[in-house]
Amino acid sequence: MAVETYEWQSDFARKYVGIGREEGREEGRAAEAARSVVSVLEARGFSVPDEVRERIEGCADLATLEKWVPSAVTVDRPEDLFD
């Protein structure tokens, strides 16, 4: 029986399965935004240091990552992203 196709019977189960799915979607959006920041920096010709890459990829706050995407277009160095 696949979890994706199973129809949960209780309100309790439906609620918490829904919460888990939303959390998973949020994590996916954050991971995609982090990849975008790194991609922009690399497209601009920067070699992204491991510390910077780890900080970007370790950030789970979608609002912060969404601010970093346009900043990645204008910074002089990858490290300036966090100023």
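Okay, so let's go over this structure. (Residues numbered from 1 in each chain as written. Predicted model: local features only at pLDDT ≥ 70, side-chain atom pairs only at ≥ 80, totals over all residues. Heavy atoms only, no water.)

### Some remarks on the overall build of the protein chain
Right, so step 1: Regarding its fold elements, the protein chain presents three helices and zero strands.
Right, so step 2: Each helix and strand of the protein chain, placed in order from N terminus to C terminus, yields the pattern α-α-α.
Right, so step 3: Counting all 83 residues of the protein chain, 24% fall into the buried class.
Right, so step 4: For the protein chain, restricting intrachain contacts to residue pairs at least 6 apart in sequence, the fraction spanning at least 24 positions comes to 60%.
Right, so step 5: Surface summary for the protein chain: the accessible area is close to 5,900 Å², and the carbon and sulfur share equals 51%. (Helix = DSSP H or I, 4+ residues; strand = E, 2+ residues; numbered from the N terminus. Buried < 20%, exposed > 50% of the residue type's maximum accessible area, 1.4 Å probe, protein only. Contact = heavy atoms within 4.5 Å. Areas by Shrake-Rupley, 256 points an atom, 1.4 Å probe, with all protein chains shown as cover.)

### So, the pattern of salt bridges
Right, so step 1: According to the stated counting rule, one finds four salt bridges in the structure shown.
Right, so step 2: Of the charged contacts, one joins R53 and E42 as a salt bridge, the two residues approaching to 2.8 Å between their closest N and O atoms. Linking R53 in helix α2 (residues 50-58) with E42 in helix α1 (residues 11-43), this pair joins segments that are eleven residues apart in sequence.
Right, so step 3: The salt bridge partner of E79 is R77, with a shortest N-O separation of 3.9 Å.
Right, so step 4: Salt bridges sharing common partners tie together R77, E79 and D80. (Salt bridge = Lys/Arg side-chain N within 4 Å of Asp/Glu carboxyl O.)

### Observations regarding a negative patch on the surface
Right, so step 1: A grouping of D50, E51, E54 and E57 is seen on the molecular surface, where their side chains present a negatively charged patch.
Right, so step 2: Along the chain, E57 falls in helix α2. (Patch = residues over 30% accessible without salt bridge, like charges linked within 9 Å, V, L, I, M, F, W, Y side chains within 5 Å. Lys, Arg positive; Asp, Glu negative; His and termini not counted. Charge placed at Lys NZ, Arg CZ, Asp CG, Glu CD.)

### What about the packing of aromatic side chains?
Describing an aromatic ring pair means giving the distance of the ring centres and the angle of the ring planes.
Right, so step 1: Per the stated rule, a full pass over the model turns up one aromatic pair.
Right, so step 2: Centre to centre, the rings of W68 and F82 are 5.1 Å apart; their planes meet at 75 degrees, and the pair counts as edge-to-face. Residue W68 is located in helix α3 (residues 62-74), and its partner F82 is located in the segment after α3; the two are separated by 14 residues in the primary sequence.
Right, so step 3: W68 sits in the buried class, given a relative accessible area of 10%. (Phe/Tyr/Trp six-rings, centres within 6.5 Å; stacked < 30°, edge-to-face > 60°.)

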